[in-house]
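# Reading the structure
Chain residues, written in single-letter form:
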Amino acid sequence: MKLRWLIVLALVVSARVLAEESTPLPEDPMAGARLFQQKGCVRCHAVGEEESKLGPNLGRIHRRGSLLDVAGAMWNHAPMMHERMAELHIKPPQLTSQEMANLIAFLTAYQYYLTQVGKPGDPDKGREVFAAKNCAKCHSLQSEADFEKIGPSLRGYAKLSPIQIAQAMWNHGPAMAEEFHRLGLGQPKFTNDEMAGLLAYLQRAAAPAGAEPVYVQPGSPNRGRILFEQKGCALCHAIRGVGGLPDVPDLGKRREELVRSVTEVAGFMWNHGVAMWDKMRERQVPAVKFEKNEMADIISYLYFINYFDKPGDPARGITLFARKGCAQCHAVTPGTKSLGPNLSTAAGVGSPIEIIAAMWNHAQAMEPAMRAKGVPWPKFEPGEMTDVIEFIYMVRERPVTTGTGKK
Ligand code: HEC
Ligand code: HEC
Ligand code: HEC
Ligand code: HEC
C-alpha cells in the first residue's frame, strides 16, 4: 500500500521534478579539470592521450547518459578505489556538491566536448572553404583596405578564439545576408568541420608567423542558461517542451545536432540564421547579437541540456531503491528510524547533485555497514542512478507521511 501510494505520488510530481532542477548544470567544466588535480584523481587516472595509471583512463570510457551516470560509475567503483587509496595512504577525497558537479561535468564533457573544443580546425581546408563559399568575393585578408571588396578586411582576428570569430560572423550575419541577396549569391551553409577549418584559416591568416593560436573557450553552461533568456532565444525556442513558439524547433531535443563541437554548432546556427533573422523581424525583436564569450556560453548550455537526453524516472527509482538494498538501511518517510540516515529529512541532500555528493562522501562509512548486513555493494547500470536520485529527491520535495491523505 505504501508503495502504491508512492507510485501515485511519483506520477503526480514527476512532470515537475523532471524539469530543470534535476539537471544540474556545471558552473565551469574547466573548474572540474582543476579539481581533478587538486583532489588527487590524477594520481591514479589519466584522461587524455597518456597511458593509463593505476585506475582506468577516464577519457577513453565512452559514456552515454546523464551526468549522474558518471557519478554512478564513481560510486560503483568506490570500494576498489578505497582499497587502492588505502594502499597509497590517500584519504578518500570529500567533495562538496558544487565540486562534484564540476568534476563529473569535466569527465562527462571530456570526450564529447573538451576534446572537440581543443581539436583545432584545419586551416588548409579552411582556405578552400573561404574560396568555395564566396567569402573571398567580398573580403580580403590584407591589412590595407581593398576597395574592390564590399566587406571589411578579415585581418583582425589574431587575438580572438575561433568561436569569437564565428560570433563576429553571426553578429554581421543580417547585413551580410542582404548583400548575398543583392548579389544573387546564396547564403553559404556549412557542414561538419567546414566552419572549424574556416575559423582556423581566418585565425592563421591574421596571426604573425609562429604566434600561439587562441583556443576555443569552452563557455559556461550556467551563464548560457541565463543568456538564453536574456537574449530572447527562449521567446521562440522551447527547451524540452517548455516555453517557445509552436512552429520553432525545440532546442532541448536536438542531441544529434547540438552534442557536437562548439564550432560545428556555430555553423549549425549560422545555417539557420536567415530564417531566424526573418522570424525576429516578423516578431519585431532586434536581431540577436553576442559579445565577449556569449556565443560559446549559449552553445555549451545547448550542449549540456541535450546531453541529458533521458531524465530520471522516479517510479522506476522506487523499485531500484528497494532492489539495490538502500531501503534496508534508509527510511524515506519522516519520523521513521533506520540504521542509516532517514533520507527524507537528512540535512544536506536537498538536490540531486547534493545526494550524489553525499553518497560519495559517505561511501566509506556505508561499506562496512553493508558488509555487516550482508548487502553486496550496489552497482548501477546507466540510467539507474538518475532514477534512484530522482526518487530520493521527490521524497524530499513532498515529505511522504503515511498518516495523511490516503489512509
Ligand atoms: C588511489 C587510486 C585512485 C584515486 C586517487 C582515484 N581513483 Fe578512481 N578508480 C581507481 C581504480 C583502481 C578504479 C577501477 C576500480 C574497479 O575496477 O572497480 C577506479 C574507477 C573510477 C571510475 C569508474 C571508471 C569506469 O570504469 O567507469 C571513475 C568514474 C573514477 N574512478 C573517478 C575518480 C575520481 C573523480 C577521482 C578523484 C575524486 C578518483 N577516481 C580517484 C583508482 C583511483
Ligand atoms: C556578398 C558579400 C559578402 C560575402 C560573400 C561574405 N561577406 Fe562577410 N561581410 C560582408 C559585409 C558587407 C560585412 C559587413 C557587414 C556589416 O556592416 O555589418 C561582412 C562582415 C563579416 C564579418 C564581420 C567583420 C567585422 O567587422 O567584425 C565576418 C567575420 C565575415 N563577414 C566573414 C565572412 C565569411 C567567413 C564569409 C564566407 C562564408 C563571408 N563573410 C562572406 C560581405 C560579405
Ligand atoms: C524570433 C524567433 C527566434 C529567436 C529569438 C531565436 N531563434 Fe533560433 N530559430 C528560429 C527559427 C524560426 C528557426 C528555424 C530556422 C529554419 O527553419 O531554418 C530557428 C533555428 C535555430 C537553430 C537550429 C535548430 C534546428 O534544429 O533546426 C538553432 C540552434 C537556434 N535557432 C538557436 C538559437 C539561439 C541560441 C537563439 C538565441 C541567441 C535563437 N535561436 C533565437 C527562431 C528564433
Ligand atoms: C547497510 C546499510 C546501508 C545501505 C544498504 C545503504 N546505506 Fe546509505 N548510509 C548508510 C549509513 C550508515 C550512512 C551514514 C554514513 C556516515 O555516517 O558517513 C549512509 C549515508 C547515506 C547518505 C548520506 C546521507 C546524509 O545524511 O548525508 C546517502 C545519500 C545514502 N546513504 C544513500 C544510499 C543509497 C542511495 C543506497 C542504495 C544504493 C544506500 N545508501 C545503501 C547505510 C546504508
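Refer to the structure above for everything that follows.
Structural notes, computed from the coordinates. Starting afresh in each chain, residues are numbered from 1 along the sequence in its written order. Here the convention is simple: chains get letters from A, ligands get numbers from 1, in the order in which they are written. It should be noted that, the model being predicted, local features are given only for residues of pLDDT at least 70 and side-chain atom pairs only at 80 or more, the latter also being counted only at that level, while totals for whole chains, interfaces and linings use all residues. In computing side-chain values, all of the structure's heavy atoms are included and hydrogens and water are not.

Looking now at the coordination of the iron atom of ligand 1. At the metal site, the iron atom of ligand 1 is ligated by His45 (NE2) and Met81 (SD), and these contacts range over 2.0 to 2.1 Å. Sites may look incomplete, because water is not among the atoms used; the donor set itself consists of N, O and S atoms within 2.8 Å of the metal (3.2 Å for Na, K and Ca). Every angle between 85 and 135 degrees makes a four-donor site tetrahedral, while opposite donors more than 155 degrees apart, with all other angles between 65 and 115, make a four-donor site square planar and a six-donor site octahedral; other sites are irregular. For the iron atom of ligand 1, the six donor atoms in the first shell make angles of 87 to 178 degrees at the metal, a pattern classed as octahedral. Of this pair, histidine 45 sits in the loop between helix 2 (29–38) and helix 3 (67–76) while methionine 81 is found in helix 4 (residues 78–87), placing the two residues 36 residues apart along the sequence. Side by side, histidine 45 and methionine 81 carry an identical accessibility label, which is buried. In DSSP terms, a helix is any run of H or I states spanning at least four residues, a strand is any run of E spanning at least two, and both are numbered starting from the N terminus. We call a residue buried when its accessible area falls under 20% of the maximum for its residue type, exposed when it is over 50%, and partly exposed in between, using a 1.4 Å probe and counting protein chains only.

Turning to helix 14 (residues 262–271), a few remarks are in order. Here helix 14 lies mainly inside the structure; nine of its 10 residues are buried. Along helix 14, the positions that sit buried rather than exposed are Val262, Thr263, Glu264, Val265, Ala266, Gly267, Met269, Trp270 and Asn271.

Our next topic: the coordination of the iron atom of ligand 3. Summarising the metal site, the iron atom of ligand 3 is bound by the protein donors His237 (NE2) and Met276 (SD), whose distances to it range over 2.0 to 2.2 Å. What the six donor atoms of the iron atom of ligand 3 show is an angle range of 88 to 178 degrees at the metal, which sorts the shape as octahedral. In this pair, histidine 237 is assigned in the loop between helix 12 (233–236) and helix 13 (255–258) and methionine 276 in helix 15 (residues 273–282), connecting sequence segments 39 residues apart. According to the relative accessible area criterion, histidine 237 is buried, its value standing at 12%.

Read these as layout, nothing more, since geometry by itself doesn't imply function.
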